Amino acid sequence: MPNLLETVQSRAGTAPIRLGLILGSGLGHLAHAVDGVAIPYSDLPGFPHVGVSGHNPNLHIGMLEGVRVAVFGAREHYYENGNPSAMRPALELLKALGADQLIATNAAGSLRPDIKPGDLMLLNDHINFSGLNPLIGEKTDARFVPMTTAHDPDLRAALRAAAQAADVALPEGVYAWYSGPSFETPAEIRAIKILGGDAVGMSTVPEVILARFLGLRVSAISTITNMAAGMSNENISHEHTKAMAPLGAAKLEKILRRFLRGLAVTA
Ligand code: HPA
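Residues numbered from 1 in each chain as written. Predicted model: local features only at pLDDT ≥ 70, side-chain atom pairs only at ≥ 80, totals over all residues. Heavy atoms only, no water.

**Q** I'd like a rundown of the overall build of the chain, residues and numbers included.
**A** In terms of helices and strands, the chain carries seven helices and nine strands. Structurally, the chain occupies a C-alpha span of about 50 × 45 × 35 Å along its principal axes. Out of the 267 residues in the chain, the part that is buried amounts to 52%. Here the analysis covers contacts within the chain between residues at least 6 apart in sequence; of these, 83% occur between residues at least 24 apart. A total accessible area of about 11,000 Å² is found for the chain, and carbon and sulfur atoms account for 54% of it. Of the charged side chains in the chain, 22 are positive and 24 negative, and the gap between their average positions amounts to 4 Å. (Helix = DSSP H or I, 4+ residues; strand = E, 2+ residues; numbered from the N terminus. Buried < 20%, exposed > 50% of the residue type's maximum accessible area, 1.4 Å probe, protein only. Contact = heavy atoms within 4.5 Å. Areas by Shrake-Rupley, 256 points an atom, 1.4 Å probe, with all protein chains shown as cover. Lys, Arg positive; Asp, Glu negative; His and termini not counted. Charge placed at Lys NZ, Arg CZ, Asp CG, Glu CD.)

Here is the structure:
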């Protein structure tokens, strides 16, 4: 039985990957711009069996803006099977393919009146409101991961510069991970606000922890699909998330393409 790395390299080639990209709800479009191969997760041992509509469960490997990338078209969320480390095999693969950096994207609700549906937010930190951790059960001392600069300052600076060059606003804020799959109550949102959260969502934090554990530099961007519960009269639903995510996705794509072009000219 070939292992995961051999399976992927037999289809995508052995040239090293520089960067991984995880695409959130409604953001799958960019994966199809990758000039290379698309491997269904179902062909990849240990990969998540992703069941959330609006996601594209394929690993796309190839060139995007002159950079060899691995784009994960979908993620497994904790709320799907109760497994906070579901993305560990995928991120271990990314590392084994040679990548040293990861950009995660997601859909989120905003707690800040100045960050509205259709806007983006660069995560400058996060709050693990779920109390879960993907490293519970890990036996090595590597589990004691420092998280002080988990959201990599250099990557964030490069993403900010790319946003400026693309003329897209990219405010920064703190993302709070709430387990889902039910949305938050207005009281929970008020609590998260008091605790310092600027946006809330059901993903990304486990991946940031896993990425740091594996020694990958990581940064993440939210597309804001709604104001958080109790902050406006709009309805909050998964349908609404999928309908709104493309608004931010076009801006996100501009930033990521600029960012990658900048990366392409560095060794
Ligand atoms: N809460 C949690 N997750 C989300 C939201 C939200 O308001 N919007 C999109 N994903």
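**Q** Which residues make up the pattern of salt bridges, and what are the values?
**A** If you walk through the whole model with that rule in mind, you get 14 salt bridges. Note that Glu65 and Arg257 form a salt bridge whose closest N and O atoms lie 2.8 Å from each other. With Glu65 in the loop between strand E3 (58-64) and strand E4 (67-72) and Arg257 in helix H7 (residues 238-264), the pair connects residues that are 192 residues apart, well separated along the chain. Residue Glu65 is classed as partly exposed on the basis of its relative accessible area, which comes to 24%. For Arg257, a relative accessible area of 23% gives the class partly exposed. Look at the salt bridges and you will find they share partners, linking Glu65, Glu253, Arg257 and Arg261 into a network. (Salt bridge = Lys/Arg side-chain N within 4 Å of Asp/Glu carboxyl O.)

**Q** An account of the nonpolar core is needed here, citing residue identities and associated values.
**A** Counting residues in hydrophobic clusters, the biggest one holds 46 residues, and the most contacted among them are Val8, Phe47, Leu59, Ile61, Phe72 and Leu94. With six residues, helix H6 (residues 205-213) is the largest single contributor of residues to this core. Ignoring sequence-local partners within four residues, the contact set of Ile61 consists of Val8, Ala12, Ile17, Val34, Asp35, Gly36, Val37, Arg68, Val69, Ala70 and Leu97. Counting 29 residues, the second-largest nonpolar core is a separate cluster that includes Val69, Ala162, Ala163 and Ala249. (Core = buried A, V, L, I, M, F, W, Y, C linked by side-chain atoms within 4.5 Å.)

**Q** Lay out the site of the ligand in plain terms, naming residues and giving numbers.
**A** Residues in contact with the ligand, as listed here, are Ala107, Ala108, Gly109, Phe183, Glu184, Val200, Gly201, Met202, Thr225, Asn226 and Thr241. Take Gly109: an N or O atom from its main chain is 3.4 Å from a nitrogen atom of the ligand. One of the side-chain nitrogen or oxygen atoms of Asn226 is found 2.7 Å away from a nitrogen atom of the ligand. Notes on the ligand: free accessible area 260 Å², of which the protein chains cover 96%. Mapped onto the shell around the ligand, the elements with two or more residues apiece are strand E5 (101-110), strand E8 (199-201) and strand E9 (217-227). With three residues, the top contributor of residues to the shell around the ligand is E5. Counted by class, the shell around the ligand contains five nonpolar, five polar and one charged residues. (Near = heavy atom within 4 Å. Polar contact = N/O pair within 3.5 Å; in protein donor to acceptor, adjacent residues only side chain to side chain. Nonpolar A, V, L, I, M, F, W, Y, C, P; charged D, E, K, R; others polar.)

**Q** Explain the environment of Glu172 residue by residue, including any values.
**A** Mapped onto the elements, Glu172 comes out in strand E7 (residues 172-177). A relative accessible area of 22% places Glu172 in the partly exposed class. Taking C-alpha positions, Glu172 is 9.2 Å from Arg160, a pair spaced twelve residues apart along the chain. Excluding its chain neighbours within four sequence positions, the residues that come into contact with Glu172 are Arg112, Met121, Leu122, Asn124, Arg156 and Arg160.

**Q** Lay out unusual backbone geometry with the relevant residues and their values.
**A** With omega at 0°, the peptide bond leading from Gly180 into Pro181 counts as cis. With respect to the helices and strands, Pro181 occurs in the loop between E7 and helix H5 (186-195). Despite not being glycine, Glu65 has its phi angle at roughly 50°, a positive value. A positive phi angle is found at Thr204, which is not glycine, with a value near 70°.

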